[in-house]
Amino acid sequence: MGSSDVISLQVPASPEELKKLRIGDAVNLSGTIYTARDAAHKRMDETLERGEELPFDIRGQIVYYMGPSPARPGRPIGSAGPTTATRMDRYTPRLLDLGMAGMIGKGKRSKAVADAVVRNGGVYFAAVGGAGALLSKAIVSSEVVAYDDLGTEAIRKLEVKDFPVIVVMDAEGGDLYAEVGNNPLTNK
Amino acid sequence: MREIEVSTVTATIKDMCIEANHFLTPDMKARLESAAGTETSPVGKKVLSQLQDNLKIAGEEMIPICQDTGMAVIFLEVGQDVHFIGGDLEEAIQEGIRRGYVDGYLRKSVVKDPLIRENTGDNTPGVIHYKIVPGDKVKITVAPKGFGSENMSRVWMLKPADGIEGAKKAIVDTVLEAGPNACPPVVVGVGIGGTFEKAAEMAKEALTRPVDTPSTVPYVADLEKELLGTINKRGIGPGGLGGAVTALAVNINTYATHIAGLPVAVNMCCHVNRHSVRVL
Ligand code: SF4
């Protein structure tokens with residue numbers, strides 16, 4: 001498991017940097033990430049089925065499973081914490097194989113996703129679920145880049161600064177949630 | 001007979017939707033604060049301290065505690081001596097939700113049809129539970145429910161022979177299966193008895209009981225305490241990243257049931273266990 005120091009990582013990051021991450025590592029992300037949740041994933045999948053191009057170049061990018069609350073005037077975004085990644089499992093291996101570098105969400109992933117993370121040298125980060133107000137403070141700007149009609153589920157390009165995440169799945173096949181699940185507190 | 005204008009209901013519900021999404025109840029706040037003191041794992045401590053910061057920012061800057069501002073669940077206890085005037089009560093409630101979510105910068109997370117899935121754009125309709133009670137007051141509880149935890153909820157139709165051990169296992173298994181998905185530390189709402197739907201409704205209502213108020217039935221209060229202890233030994237911890245604080249409370253409501261059945265409903269709720277209560 002990783003060290004207790006926080007790693008600062010500029011994103012998009014190189015494959016070499018991502019491959020160095022290990023489960024349990026606390027990482028602060030700065031740079032550009034994209035958002036997509038259920039409806040956007042469904043649409044992207046349908047787009048690929050038709051043999052068409054995705055609405056943004058996903059290669060090397062980190063996708064954040066998040067649908068924000070509306071921004072109050074003068075703010076870049078509203079509350080902005082992670083949604084459950086499990087629901088995206090059906091679409092994720094294909095996106096990783098297309099070059100998506102990693103994901104930010106919360107919650108368990110399927111075996112197929114874990115395999116695709118290893119196969120592609122990807123990473124799955126968790127952000128703290130239910131900390132949307134706090135996490136919104138690490139988002140500097142937000143711009144809808146596709147599927148505007150989906151409202152909160154549109155694809156957004158975010159600029160983030162020191163966005164706090166923890167590595168839950170790494171390129172070596174590590175799975176922090178599985179380790180936690182297999183290690184009940186034995187004392188008391 | 002006491003007359004209440006439905007416009008009062010609309011205005012009250014609007015305020016309550018906004019309040020519930022930015023401020024936790026004092027019992028929830030206190031329990032989260034004390035949890036930070038009992039947590040032993042470094043990552044668990046870190047998550048709990050982030051949750052403290054999150055609550056502070058939410059209240060001070062009016063940013064919802066969580067971006068999933070939920071589907072609005074409303075419990076309405078109506079005194080039988082109340083007469084609503086000035087319009088349709090149900091529409092007045094939905095209008096309160098609409099104004100709360102639109103004017104309050106809350107997320108619109110409701111689709112009109114479960115299979116066609118078009119967003120209604122104003123977070124209506126909410127889910128309303130009515131109860132007629134003696135008196136001339138109206139007690140309103142607004143409980144916005146996020147679906148990360150809702151999706152991990154279960155109804156178990158156990159058999160009488162499964163008994164109390166079966167019920168315990170159903171509850172603990174549901175919490176373990178939910179794991180990180182329900183945004184721990186969780187509050188576990190449980191309904192035991194009744195029928196299929198009664199158990200589920202009790203489980204939801206149990207989530208609105210203050211987390212520092214045990215069941216009034218002594219053996220049920222003991223069961224709540226025991227289950228909280230069992231769950232917190234499983235090490236899921238805050239954020240599911242490992243630690244001693246997996247659940248903040250287990251609230252169990254019970255009701256009579258049929259000789260052939262033992263329904264157990266477990267409604268999972270995250271640490272953003274929101275509700276606002278007012279009496280008109
Ligand atoms: S489960 Fe609760 S804390 Fe987690 S994302 Fe949903 S509403 Fe927010």
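Residues numbered from 1 in each chain as written. Chains lettered and ligands numbered in written order. Predicted model: local features only at pLDDT ≥ 70, side-chain atom pairs only at ≥ 80, totals over all residues. Heavy atoms only, no water.

(A) Spotlight on the overall build of chain B. Scanning chain B from terminus to terminus reveals 8 helices and 10 strands. In terms of overall dimensions, chain B is globule-like: its C-alpha atoms have a radius of gyration of 19 Å, near the 19 Å expected for 280 residues. The principal-axis extents of the C-alpha atoms in chain B amount to approximately 55 × 50 × 40 Å. Burial status across chain B gives 55% buried among its 280 residues. Taking the intrachain contacts of chain B between residues at least 6 apart in sequence as the baseline, contacts between residues at least 24 apart amount to 81%. Accessible surface for chain B amounts to roughly 11600 Å². Of this, 58% is attributable to carbon and sulfur atoms. (Helix = DSSP H or I, 4+ residues; strand = E, 2+ residues; numbered from the N terminus. Rg over C-alpha atoms; globule rule 2.2 N^0.38 Å. Buried < 20%, exposed > 50% of the residue type's maximum accessible area, 1.4 Å probe, protein only. Contact = heavy atoms within 4.5 Å. Areas by Shrake-Rupley, 256 points an atom, 1.4 Å probe, with all protein chains shown as cover.)

(B) Focus on the side chain of Thr 12 of chain B. Topologically, Thr 12 of chain B is positioned in helix H1 (residues 6–22). Apart from the residues lying within four places of it in its own chain, the contact partners of Thr 12 of chain B are Ile 140, Arg 278 and Leu 280 of chain B.

(C) Quick peek at the confidence of the model for chain B. Per-residue pLDDT for chain B has a mean of 97; in total, 100% of the residues score no lower than 70. Two numbers describe this predicted complex: its pTM, 0.95, and its ipTM, 0.94. (pLDDT = per-residue confidence, 0-100.)

(D) Examining the environment of Met 88 of chain A more closely. Residues and elements named next belong to chain A. Within the secondary structure layout, Met 88 lies in the loop between strand E3 (62–64) and helix H3 (92–97). Met 88 sits in the buried class, given a relative accessible area of 0%. Contacts of Met 88, omitting those with residues within four sequence positions, involve Arg 37, Asp 38, His 41, Tyr 65, Thr 83 and Arg 109.

(E) Looking closely at empty space enclosed by the protein. Residue and element names in this part refer to chain B. Under the definition given, this model contains 4 cavities of 30 Å³ or more. Taken as a whole, the largest cavity holds about 70 Å³ of empty space. Taken together, Phe 75, Ala 143, Pro 144, Lys 145, Lys 204, Leu 207, Thr 208, Cys 269, Val 272, Asn 273, Arg 274 and His 275 form the lining of the largest cavity. Of the residues forming the lining of the largest cavity, the biggest block, 3 residues, is contributed by strand E5 (residues 138–145). Considering only residue class, the lining of the largest cavity consists of 6 nonpolar, 3 polar and 3 charged. (1 Å grid on protein atoms, 1.4 Å probe; cavity = no way out; pocket = protein on both sides within 12 Å on 5 of 7 lines; lining within 4 Å. Points joined across faces, edges and corners; volume = space filled by probe spheres on them. Nonpolar A, V, L, I, M, F, W, Y, C, P; charged D, E, K, R; others polar.)

(F) Geometry of the packing of aromatic side chains. Residue and element names in this part refer to chain A. Enumeration according to the criterion identifies 2 aromatic pairs over all chains in this entry. When the ring of Tyr 34 is compared with that of Phe 56, the centres are 4.3 Å apart and the planes differ by 20°; the resulting orientation is stacked. Of the two residues, Tyr 34 is situated in strand E2 (residues 26–35) and Phe 56 in the loop between helix H2 (38–49) and E3; the sequence distance between them amounts to 22 residues. The exposure class of Tyr 34 is buried, given its relative accessible area of 10%. Plain terms: the ring middles of Tyr 64 and Phe 163 are 5.2 Å apart, the flat faces sit at 70° to each other, and that makes the pair edge-to-face. One end of the pair, Tyr 64, is in strand E3; the other, Phe 163, is in strand E7 (residues 155–169), and 99 residues separate them in sequence. (Phe/Tyr/Trp six-rings, centres within 6.5 Å; stacked < 30°, edge-to-face > 60°.)

(G) Molecular detail of the domain arrangement of chain B. All names here are of chain B. According to the domain assignment, chain B consists of domain 1 (2–21 + 65–145) and domain 2 (148–273). With centres defined by C-alpha atoms, the gap from domain 1 to domain 2 works out at 26 Å. Each partner contributes to the interface: domain 1 provides 11 residues, whereas domain 2 provides 12 residues. When the two sides are added together, the surface that domain 1 and domain 2 hide from each other amounts to roughly 770 Å², 67% of it contributed by carbon and sulfur. Per-residue buried area on domain 1 facing domain 2 is highest for Phe 75, His 129 and Lys 145; these three make up 60% of the total on that side. Counting the contacts that link domain 1 with domain 2 gives 2 salt bridges. Linking domain 1 with domain 2 are 4 residue pairs in polar contact (both at pLDDT 80 or more). Its residues assigned to classes, the side of domain 1 that touches domain 2 comprises 5 nonpolar, 2 polar and 4 charged. (Domains from an automatic or database assignment. Buried area = accessible area lost by both parts, 1.4 Å probe. Salt bridge = Lys/Arg side-chain N within 4 Å of Asp/Glu carboxyl O. Polar contact = N/O pair within 3.5 Å; in protein donor to acceptor, adjacent residues only side chain to side chain.)

(H) Geometry of the site of the ligand. Taken together, Lys 106 and Gly 130 of chain A together with Cys 66, Gln 67, Asp 68, Gly 146, Gly 148, Ser 149, Cys 183, Cys 270, Val 272 and Arg 274 of chain B make up the full set of residues adjacent to the ligand. At the site occupied by the ligand, the surrounding residues belong to chains A and B. When we break the shell around the ligand down by domain, the ones giving at least three residues each are domain 1 (2–21 + 65–145) and domain 2 (148–273) of chain B. (Near = heavy atom within 4 Å.)

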